[in-house]
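Residue-level structure breakdown
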Amino acid sequence: MTTLERVPALGTHPAAGANPGRAETRERLARATYDLLVVGGGILGISTAWHAAQSGLRVALVDSGDFAGATSSASSKLLHGGLRYLQTGAVKLVAENHFERRAVSRQVAPHLANPLTFYLPVYKGGPHGAAKLGAGVLAYSALSAFGDGIGHLLSPARAQQDVPELRTDGLKAVAVYGDNQMNDARMALMTVRAAVNAGAVVLNHAEVTGLRFTRGRVTGAELRDRLDGDEFGVDARLVLNATGPWVDHLRRMEDRGADPSIRLSKGAHLVLKRTAPWKAALATPIDKYRITFALPWEDMLLLGTTDEEYEGEPGEVAVTEQDIAQILDEAAFSVRDQQLSRDLITYSFAGLRVLPGGPGDTSKAKRETVVTEGRGGMLSVAGGKWTTFRHIGRTVMQKLETLPGHPLGEDFEPIGRLPRRLPLPGVASPRAVAHRLLVDHPAPGPRMSPETARHLATHYGSLAFDIARLANERPELAERIHPDAPEIWAQVVYARDHEWAETADDVLRRRTTLTIRGLAGDEVRAGVRRLLEK
């Protein structure tokens, strides 16, 4: 046997064992006392659970819906420094955001974050001139140590080569800068997996129905499994409320008289089919403070976002006709009409930004993270940006380390001694993974398409090889779920066994891109449900 023949074909090694079932997980949660119970499976809660588990704490994480099921999968999909913060003088904030963005995109999750060039068009009569924006993108790139190139100005003709649908009427110049983008739901799920790898116990679709108290202190929670109605409880030395828009709802379980601590801002987005390839994104100034984005994302076009105060029930937030009209009207400043036809819309979604309570325009508010302690000792964390999710987790851990009386003890590892750039599972070069998926295929089975290989590599990293193994062992799982999307049926089985997918929406909206592509029809949903039930 030659040396080359000794190299195993990809997918021949079995993946790690499937996740424990829900009944087993409930038993694990109910029979032990945890150091930290994190309520809320958005990215703030997930990141805190990850860092706490790394510190050696016994951590439980629960969410009433799916992980990243609300705002954390309804973002603009960006890892960015925050260009608009420069005009408010928040230079330090932009530099810190850039530091986190670079760390995530280069060391922590290069398999999940993609570099993206942004074109900032300067139109006649617009809110900013070419000289101001040119200086702005230069300063922005300097705060990133020019790691994404040097911010500069570009001619309209050159910009239109990369963005064919760019509106050129009245276009004077284009400012250029670099940031990153991601699939937010996939990034969140990989962080859940990292927390579990570090020792956390997690359960989605588990709703907190009440808190447990010992001598006036919050020491756990009562829960109900929303899938089968089973009721159980979790004991913990400390409870962290990371429920995002619902943070005050849980605070009132601790203290009925608790005053509101946050305000909410609604951000809506549209997903459209593209009429032409885009090699760059558009960030178009609407006024002095607001920017509207047109982003090539998942082979589609993502438009948004809106920014308006929201006072309704968080679970009822939705995209309205007014939102759709506003997004399309604002996109029309820089995007040609043929790309903005309503017939091209495949999906729309809205999320809620959590902002500190107080007066003022939500579009001008800083995305600060606030950690507070309630009357019963429960900690609540709210606010922040996706870009700084690791920093938020470290900030909460620093708070835990300095709590009076040290309720978690003093023998866990301080956050300052942990690796600062610990990678997420599957870290690898996406191009290398895609190459191996294409060249290493089973002889009797179908060859994987380049689109599927690229999709798997950029959404799973090296974990894509486990999905390839499933497809190799069961050829029917190598088939595409829908002919117009790159996903294959093996991803549904993988989501069921390794990514806590329980419902069709868990799979179609957050573990794949079928819903945002407008391809999650009845036949596809039925096929997904059949695999989930096996």
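The preceding data block contains the structure.
Residues numbered from 1 in each chain as written. Predicted model: local features only at pLDDT ≥ 70, side-chain atom pairs only at ≥ 80, totals over all residues. Heavy atoms only, no water.

**Quick word on the overall build of the protein chain**
Applied cut-off: Numbering of helices and strands runs from the N terminus, with a helix taken as a DSSP run of H or I at least four residues long and a strand as a DSSP run of E at least two residues long. Within these notes, the globule rule equals 2.2 Å times the number of residues to the 0.38 power, and the radius of gyration is based on C-alpha atoms. A 1.4 Å probe rolled over the protein chains alone gives each residue an accessible area, and that area as a share of the maximum for its type sets the label: buried under 20%, exposed over 50%, partly exposed in between.
Across its full length, the protein chain carries 16 helices and 18 strands. Since a compact globule built from 534 residues should have a radius of gyration of about 24 Å, the 23 Å found for the protein chain is in line with a globular shape. When the backbone C-alpha atoms are referred to their principal axes, the protein chain occupies close to 70 × 70 × 45 Å. Looking at the protein chain residue by residue over its 534 residues, the buried ones come to 56%.

**Focus on the layout of surface pockets**
The condition is simple: Residues are called lining when one of their atoms sits within 4 Å of a cavity or pocket point, these points coming from a 1 Å grid over the protein atoms alone, where a cavity is a set in which a 1.4 Å probe fits but cannot get out and a pocket is an open set with protein on both sides within 12 Å along at least five of seven lines. Grid points are joined across faces, edges and corners, and a volume is the space filled by probe spheres set on the points. Side-chain classes follow a simple rule in which Ala, Val, Leu, Ile, Met, Phe, Trp, Tyr, Cys and Pro form the nonpolar group, Asp, Glu, Lys and Arg form the charged group, and the remainder, Gly included, forms the polar group.
Roughly 620 Å³ of volume is contained in the second largest pocket. Forming the walls of the second largest pocket are 24 residues, and the residues nearest its centre are Asn114, Glu298, Asp299, Arg454 and Thr458. Among the elements of the structure, β4 (113-123), β6 (171-182), β13 (291-297) and α12 (450-460) are those that each provide at least two residues to the lining of the second largest pocket. For the lining of the second largest pocket, the element with the most residues is α12, which contributes 5 residues. Its residues assigned to classes, the lining of the second largest pocket shows 9 nonpolar, 7 polar and 8 charged.

**Points about the pairing of strand β2 (residues 59-62)**
For the record, the criterion: Two strands qualify as a pair provided DSSP detects at least 2 bridges between them. Looking down the strands as they point away from you, a crossover is right-handed if its path from the first strand over the helix to the second goes clockwise.
The side-chain alternation of β2 yields two buried faces, one formed by Val59 and Leu61 and the other by Ala60 and Val62. By the bridge criterion, 4 bridges tie strand β1 (residues 33-39) to β2 in an arrangement that is parallel. Note that in β2 the partner of Val39 across the bridge is Val62. Between the parallel pair β1 and β2, the chain is carried across by helix α3 (residues 43-54), and the sense of this crossover is right-handed. Pairing of β2 with strand β7 (residues 201-203), which is carried by 3 bridges, proceeds in the parallel orientation. In the strand pairing of β7, Val62 is matched with Leu203.

**Quick notes on the packing of helix α15 (residues 504-511) against helix α16 (residues 522-533)**
Stated precisely, the cut-off is as follows: Every angle, taken between N-to-C directions, lies between 0 and 180 degrees, and every axis is a line fitted to C-alpha atoms, over only the stretch in contact when it is a helix. The scheme is simple: roughly parallel for angles under 35 degrees, roughly antiparallel for over 145, roughly perpendicular for 65 to 115, oblique for anything else. We call a crossing left-handed when the near helix sits turned anticlockwise from the far one by less than a right angle, and right-handed when that turn is clockwise. Residue contacts are counted whenever heavy atoms from the two residues lie within 4.5 Å of one another.
At a closest axis distance of 8 Å, the pairing of α15 and α16 adopts a crossing angle of 115°. For the element pair α15 / α16, the angle class is roughly perpendicular. For the pair α15 and α16, the crossing hand works out as right-handed. Residue-level contacts link Ala504, Asp505, Val507 and Leu508 of α15 to Val524, Arg525, Val528, Arg529 and Leu532 of α16.

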